[in-house]
Amino acid sequence: MTKHLEHHYFAGLDLTGKRVVVVGAGTVAQRRVPRLINAGARVEVIAPEATPAVEAMAEAGELIWHQRPYATGDLDGAWYVVACATGTEVNAAVAAEAEQNRIFCVRADDASQGTAVTPAVAQHGGLLLGVLSGGEHRRSAAVRDALVEALRTGVVDERSEPPSPGVALVGGGPGDPDLITVRGRQLLGRADVVITDRLAPRELLEELGPHVEVVDASKIPYGRAANQDVINSLLIEHAKAGKFVVRLKGGDPYLFGRGFEELLACVEAGVAVTAVPGITSAFAAPSAADVPVTHRGVAHEVVVVSGHVGPHDEQSLVDWPSLGRLRGTIVLMMGVKRIAEFAAVLVEHGRDPKTPVAVVQEGTTRNQKTLRTTLGEAAEAIREAEIKPPATIVIGPVADLAPESRR
């Protein structure tokens, strides 16, 4: 037997400056109201009580909240109505008044009794997507999610014309390919050339089309490295050849990633360039290992420090004595090789040798490895555990906060 489907006409409403009435201020209203506000509607909510989020929107002046029950006549002058009160009788009365006044009305409790329905909606790169499936709401949401994912990954090409030549400095995130930003993945799907390094999520390269040129600009710590000037030249050369170039990096381009050097080189050469932030492993790797870098009553400060040169090296720009006096969290990047030196200087300037330390190797990946130790024993523990870069070292009381069952 064929299931009866609801039939709807799909239209985009211009609600800018128009009165929209929402009856009810519970969790349904909390979900629906923000999009109405973003559409420019003049939203008025009618309900005796509201969720904290709806109340906050009212206090911020984003909507008007009439703190009372619905009454006949409340829909006068409205262009659109959402009936989402907790009582069925109230929603039925709202829908009846709306129909009498020829105002389209969505009934949240029984969509078939309204004169309009809300599609499964998503936004992507200036596109507003809406899916209706004749009342099969889970199907609508599933199709919407699949379409958005296809657009984000480049499976569906949304371009009306080829991308303009230029460079995008994209932070690939801490390692797990799913943790790249939506914008980063979108631009990666449009690239003609991808210049990547060893810390960028390798799995993302498998999704690239066969026409995409991939350039390996790996920088292996304390080993061979692609010269930064060469990388800058490659970015400029390909962009000036009419290509759209993505410089794919691990973490965030501007956190110990030399991204700003590349931006300056492109700007100086007259090449269009944009930077896309990425999730840094300084925070993501500890998070993946159940180590918060801050915690109420434990740490109110976080300092991210580069360990690519030792604490006594003349090239070091770090004030190690000050770090030794801090009570909060130190996140040490690129510090595995010289951890003994860093631990010693911190202890010398005030840190307790028993300060908890967590070391997360290759955080967020399937090869993630976590070590818990203390500042005084960190160097030996890291050596015995054969911890290798890339690894994030967290120093401070927060490193001892993980649930016992998940250590």
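Cut-off values and rules
- Residues numbered from 1 in each chain as written.
- Predicted model: local features only at pLDDT ≥ 70, side-chain atom pairs only at ≥ 80, totals over all residues.
- Heavy atoms only, no water.
- UniProt positions renumbered as here; feature names shortened; annotations may be inferred.
- Pairing = 2+ DSSP bridges.
- Helix = DSSP H or I, 4+ residues; strand = E, 2+ residues; numbered from the N terminus.
- Axes fitted to C-alpha atoms, helices over the stretch in contact; angles between N-to-C directions.
- Contact = heavy atoms within 4.5 Å.
- Patch = residues over 30% accessible without salt bridge, like charges linked within 9 Å, V, L, I, M, F, W, Y side chains within 5 Å.
- Areas by Shrake-Rupley, 256 points an atom, 1.4 Å probe, with all protein chains shown as cover.
- Salt bridge = Lys/Arg side-chain N within 4 Å of Asp/Glu carboxyl O.
- Buried < 20%, exposed > 50% of the residue type's maximum accessible area, 1.4 Å probe, protein only.
- Disulfide = S-S within 2.5 Å.
- Arc of directions from axis to C-beta.
- Polar contact = N/O pair within 3.5 Å; in protein donor to acceptor, adjacent residues only side chain to side chain.

Per an unreviewed UniProt entry, the protein chain carries the name Uroporphyrinogen-III C-methyltransferase and comes from Saccharopolyspora oryzae. Listed in UniProt under the heading Catalytic activity (unreviewed entry), the comment for the protein chain reads: "precorrin-2 + NAD(+) = sirohydrochlorin + NADH + 2 H(+)". According to UniProt, the comment filed for the protein chain under the heading Pathway (unreviewed entry) is "Porphyrin-containing compound metabolism; siroheme biosynthesis; sirohydrochlorin from precorrin-2: step 1/1."

A.B. asks: Any chance you could break down the sheet that holds strand β11 (residues 244-249) for me, citing the residues and the numbers?
C.D. replies: The 5 strands are arranged β10-β9-β11-β8-β12 in an open sheet whose pairing can be described as parallel. This sheet does not close on itself; its edge strands, each paired only once, are β10 (213-216) and β12 (273-276). Strand after strand, the sheet turns through a mean of 20 degrees between neighbouring axes, direction not considered. Where strand β9 (residues 193-196) and β11 come together, 4 bridges link them in parallel fashion. The residue of β11 that forms the bridge with Val193 is Val245. Where helix α6 (residues 228-240) meets the sheet, it contacts β8 (166-171), β9, β10 and β11, and its direction lies at approximately 155 degrees from that of β11. Strands β8, β11 and β12 of the sheet are contacted by helix α7 (residues 259-268), whose axis makes an angle of about 170 degrees with β8.

A.B. asks: I'd like to hear about a nonpolar patch on the surface, residue by residue, with values.
C.D. replies: A contiguous nonpolar patch, built from Tyr254, Phe260 and Leu264 and spanning about 310 Å² of accessible area, is present on the exposed surface. Mapped onto the fold, Leu264 is located in helix α7. Judged by relative accessible area, which is 46%, Leu264 ranks as partly exposed.

A.B. asks: Explain the pairing of strand β15 (residues 356-361) to me, and be specific about the residues and the numbers.
C.D. replies: Of all 6 residues in β15, 6 are buried; the element is thus mostly enclosed. Because side chains alternate across β15, one face comprises the buried residues Pro356, Ala358 and Val360, and the other comprises Val357, Val359 and Gln361, equally buried. Relative to strand β16 (residues 369-374), β15 runs antiparallel, the two sharing 6 bridges. Residue pairing for β16: Val357 is matched across the bridge by Thr373. As paired elements, β15 and strand β17 (residues 391-395) share 5 bridges and run antiparallel to each other. Residue Val360 lies in a different strand from β17, and its bridge partner there is Thr392.

A.B. asks: Could you give an account of the state of the cysteines, with specific residues and numbers?
C.D. replies: Per the counting criterion, the structure on display carries 0 disulfides. Cys84 provides the cysteine sulfur closest to Cys105, a residue in no disulfide bond, and the two sulfurs are 9.6 Å apart.

A.B. asks: Describe the pattern of salt bridges, listing the residues and the values that go with them.
C.D. replies: Counting across every chain of the model gives 10 salt bridges. Linking Asp74 and Arg68 is a salt bridge whose minimum nitrogen-to-oxygen distance equals 2.8 Å. For Asp74, a relative accessible area of 10% translates into the label buried. The exposure class assigned to Arg68 is partly exposed, which follows from its relative accessible area of 32%. Residues joined by salt bridges that share partners form a network here, namely Asp197, Arg247, Lys249 and Glu262.

A.B. asks: Tell me about α7, residues and numbers included.
C.D. replies: By the burial criterion, the buried members of α7 are Gly259, Glu262, Leu263, Ala265 and Cys266. The arc enclosing the buried residues of α7, seen along the axis, measures out at 160 degrees, which places them on a common side. Away from the buried face of α7 by more than 90 degrees, exposed residues Val267 and Glu268 are located. Packing partners of the buried residues in α7 comprise β8, α6, β11 and β12. Downstream of α7 by a residue or two, Gly270 has a phi angle that is positive, lying close to 75 degrees.

A.B. asks: For the side chain of Ser306, give the residues involved together with the corresponding values.
C.D. replies: Tracing the backbone through its elements, the reader meets Ser306 in strand β13 (residues 302-306). A distance of 2.7 Å separates the side chain of Ser306 from the side chain of His308, its partner in a polar contact.

A.B. asks: Break down the environment of Gly73 for me, citing the residues and quoting the values.
C.D. replies: Looking at the element boundaries, Gly73 is found in the loop between β3 (64-66) and β4 (80-83). The class of Gly73 is partly exposed, set by a relative accessible area of 27%. Measuring from C-alpha to C-alpha, the distance between Gly73 and Lys240 comes to 64 Å, with 167 residues separating the pair along the chain.

A.B. asks: Got a sec to walk through unusual backbone geometry? Specific residues and values, please.
C.D. replies: Following Pro389, the chain continues into Pro390 via a peptide bond in cis, with omega recorded as 0 degrees. One can find Pro390 in the loop between α11 (378-384) and β17. The phi torsion at Arg102 lies on the positive side, around 60 degrees, for a residue other than glycine. Of note, Arg258 is a non-glycine position whose phi angle comes to about 60 degrees, a positive value. Relative to the elements of secondary structure, Arg258 occurs in the loop between β11 and α7. Relative accessible area serves as the criterion here: at 43%, Arg258 is assigned to the partly exposed category.

A.B. asks: Run through the sheet that holds β13, naming residues and quoting values.
C.D. replies: Reading across from one edge, β13-β14-β17-β15-β16 is the order of the 5 strands in this open sheet, with mixed pairing throughout. Strand pairing shows two members of the sheet lacking a second neighbour, β13 and β16, which therefore form its edges. Going across the sheet, the axis of each strand differs from the next one's by a mean of 20 degrees, ignoring polarity. Each of β13, β14 (329-333), β15 and β17 is contacted by helix α8 (residues 281-288), which is oriented at about 80 degrees to β17, the strand it contacts most.

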